[in-house]
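Given next are the chains, with one letter for each unit.
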Amino acid sequence: MPTLRTLQELDRAGLLSPDPRLATAAQSMAIAITPEMLALIDHGDLVHDPIARQFVPSPAETEVSADELADPIGDEARSPVKGLVHRYPDRVLLKPLHVCPVYCRFCFRREKVGPGGEALSAAELEAALGYIRDHPGIWEVILTGGDPLMLSARRLGELIRALDAIPHVAVIRVHSRVPVVDPERVSPDLIAALKPRRASLWLGVHCNHARELTAAARAALARLADAGIPLMGQTVLLRGVNDDVETLEQLMRALVTVRVKPYYLHHPDLVRGTGHFRVSIAEGQALMKALRGRLSGLAQPTYVLDVPGGHGKVPIGPAYLGDDPGALTSDSLAVEDAFGGRHRYPG
Ligand SMILES: *Cc1c(COP(=O)(O)O)cnc(C)c1O
Ligand code: SF4
């Protein structure tokens, strides 16, 4: 079965309840649901299904609040050449294309991704590589998009080789949803393309629910890990998808089990039309606190916020240290343990 790409196809697959706002929602962002993700959807409870909620357009997408932004993380402000974002001195994002295997309705680049947004032309890609060559402080290049693993193995291989040829680029990081949502794409050729000779390559895998880790996805991740590629996990905290401690605990355990180290839990960005996915920072911190008491350190992600306006990411996890109100001297701290107990520590 092919990937579903239109409202009509979603309707035929029994995924929609009629609503006049759906046409507007569908216009605001491309649609794609891969057969692997479609097979996971519980048609009996579409409203609460965490997979349907991520990929099926919702009438709620037409509600835009005053706080929401077209460029929520300020990529545009930090883009010296097309397709490249340079926010931190030592690393850049390189976005070779805009297409993705699925379109996540909460996407932080929701207004940029889609089949309409073309890949960088050969000249544009050369200009971006030229910028990296000219900036010896760039230690790490992060390929994102779109989804870089939607490039053909040949084009991906060419890009990785070009980066590998720049001596100051020590690390190439690739962020992708492909191994989870379209695992068959992880072919021997694609894996071979992900092996630079000199630089180190890390692969970040976007996964929001343990159910997404199907047998085929686990097998794809095992092929990547067996090829020696270190894997890290990225999860977006999403209302109605994973905003409860059991779901997050299961997801983080499942990731570690398939050799994916949880890296970031992203607080949802202020993307237009995504209010129905947003949780408060206080809720996110409470969830992180609960995870700390339940999960191995290996399975703990860092909870981060991308500061709107292009100011980068900062950890926003709960605090465990405070002033000790019962102390006789002022140089004492109260430290909270992972189970809620409070203890005094000399400041
Ligand atoms: C997220 C991001 C990075 C990578 O940040 P890390 O904290 O190193 O994962 C780099 N550049 C930009 C512009 C980013 O948005
Ligand atoms: S795969 Fe990533 S970039 Fe593509 S729509 Fe989903 S969140 Fe956005």
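Refer to the preceding data block for the structure.
Residues numbered from 1 in each chain as written. Chains lettered and ligands numbered in written order. Predicted model: local features only at pLDDT ≥ 70, side-chain atom pairs only at ≥ 80, totals over all residues. Heavy atoms only, no water.

Some points on the layout of surface pockets
Put simply, the largest pocket is a space of about 850 Å³. As for the largest pocket, its lining consists of 41 residues, and the residues nearest its centre are Phe 108, Arg 109, Thr 144, His 175 and Gln 234. Counting only elements with at least two residues in the lining of the largest pocket, the list comes to β1 (84-88), β2 (91-94), β4 (171-176), β6 (231-236) and β7 (260-266). In terms of residue class, the lining of the largest pocket is built from 21 nonpolar, ten polar and ten charged. Here the second largest pocket defines a volume of roughly 370 Å³. Every residue lining the second largest pocket is counted, 15 residues in all, and those nearest its centre are Leu 46, Val 47, Pro 57, Ser 58 and Pro 59. For the lining of the second largest pocket, a count of residues per class yields ten nonpolar, three polar and two charged. (1 Å grid on protein atoms, 1.4 Å probe; cavity = no way out; pocket = protein on both sides within 12 Å on 5 of 7 lines; lining within 4 Å. Points joined across faces, edges and corners; volume = space filled by probe spheres on them. Helix = DSSP H or I, 4+ residues; strand = E, 2+ residues; numbered from the N terminus. Nonpolar A, V, L, I, M, F, W, Y, C, P; charged D, E, K, R; others polar.)

Focus on helix α5 (residues 122-134)
Three or four residues apart is the spacing at which side chains of an α-helix point the same way, because the helix has 3.6 residues per turn. Along its 13 residues, α5 runs 18 Å from first to last C-alpha, staying within 8% of the 18 Å computed at 1.5 Å per residue. All buried positions along α5 are accounted for by Leu 125, Ala 128, Leu 129, Gly 130, Tyr 131 and Ile 132. Tucked into the core, α5 has its buried residues touching β1, β2, β3 (140-143) and α6 (153-164). (Expected span 1.5 Å × (residues − 1). Buried < 20%, exposed > 50% of the residue type's maximum accessible area, 1.4 Å probe, protein only. Contact = heavy atoms within 4.5 Å.)

Points about the site of ligand 1
Lining the immediate environment of ligand 1, one finds Val 85, Arg 87, Tyr 88, Arg 91, Leu 93, Ile 142, Arg 173, Tyr 263, Tyr 264 and Lys 313. One of the side-chain N or O atoms of Arg 91 is found 2.7 Å from an oxygen atom in ligand 1. Calculation on ligand 1 without its partners gives an accessible area of 380 Å², and the protein chains cover 91% of this total. In this structure, ligand 1 is accommodated by the largest pocket. Among the elements that make up the shell around ligand 1, the one with the highest residue count is β1 (three residues). Taken together, the residues of the shell around ligand 1 break down into six nonpolar, no polar and four charged. (Near = heavy atom within 4 Å. Polar contact = N/O pair within 3.5 Å; in protein donor to acceptor, adjacent residues only side chain to side chain. Areas by Shrake-Rupley, 256 points an atom, 1.4 Å probe, with all protein chains shown as cover. Sits in = over half its atoms within 2 Å of the grid points.)

Some words on the site of ligand 2
The immediate surroundings of ligand 2 are formed by Cys 100, Val 102, Tyr 103, Cys 104, Cys 107, Val 113, Arg 177 and His 206. When atom positions are compared with the pocket grids, ligand 2 is found to occupy the largest pocket. Residue composition of the shell around ligand 2, by class: six nonpolar, one polar and one charged.

Overview of the sheet that holds strand β10 (residues 321-323)
Ordered in space as β10-β11-β12, the three strands form an open sheet in which the pairing is antiparallel. A single partner strand is all that each edge strand has here, and the edge strands are β10 and β12 (342-346). Strand-to-strand twist of the sheet, defined as the mean angle between neighbouring strand axes without regard to direction, takes the value 35 degrees. Where β10 and strand β11 (residues 332-336) come together, three bridges link them in antiparallel fashion. Counted as the bridge partner of Gly 322 is Ala 334 from β11. (Pairing = 2+ DSSP bridges. Axes fitted to C-alpha atoms, helices over the stretch in contact; angles between N-to-C directions.)

Notes on the pattern of salt bridges
If you walk through the whole model with that rule in mind, you get 28 salt bridges. Residues Asp 49 and Arg 211 are paired through a salt bridge, measuring 3.1 Å at the closest nitrogen-oxygen approach. A residue pair is termed long-range when its members are at least 10 positions apart, and Asp 49 in the loop between α3 (35-38) and α4 (50-55) and Arg 211 in the loop between β5 (200-206) and α9 (215-226) qualify at 162 residues. The partly exposed category is assigned to Arg 211, whose relative accessible area is 33%. A salt bridge links Glu 246 to Arg 294; the nearest nitrogen and oxygen atoms lie 3.4 Å apart. Placement of Glu 246 in helix α10 (residues 245-257) and of Arg 294 in helix α11 (residues 281-294) is noted, with a sequence separation of 48 residues between them. For Glu 246, a relative accessible area of 42% puts it in the partly exposed group. Residue classification places Arg 294 among the partly exposed positions, given a relative accessible area of 36%. (Salt bridge = Lys/Arg side-chain N within 4 Å of Asp/Glu carboxyl O.)

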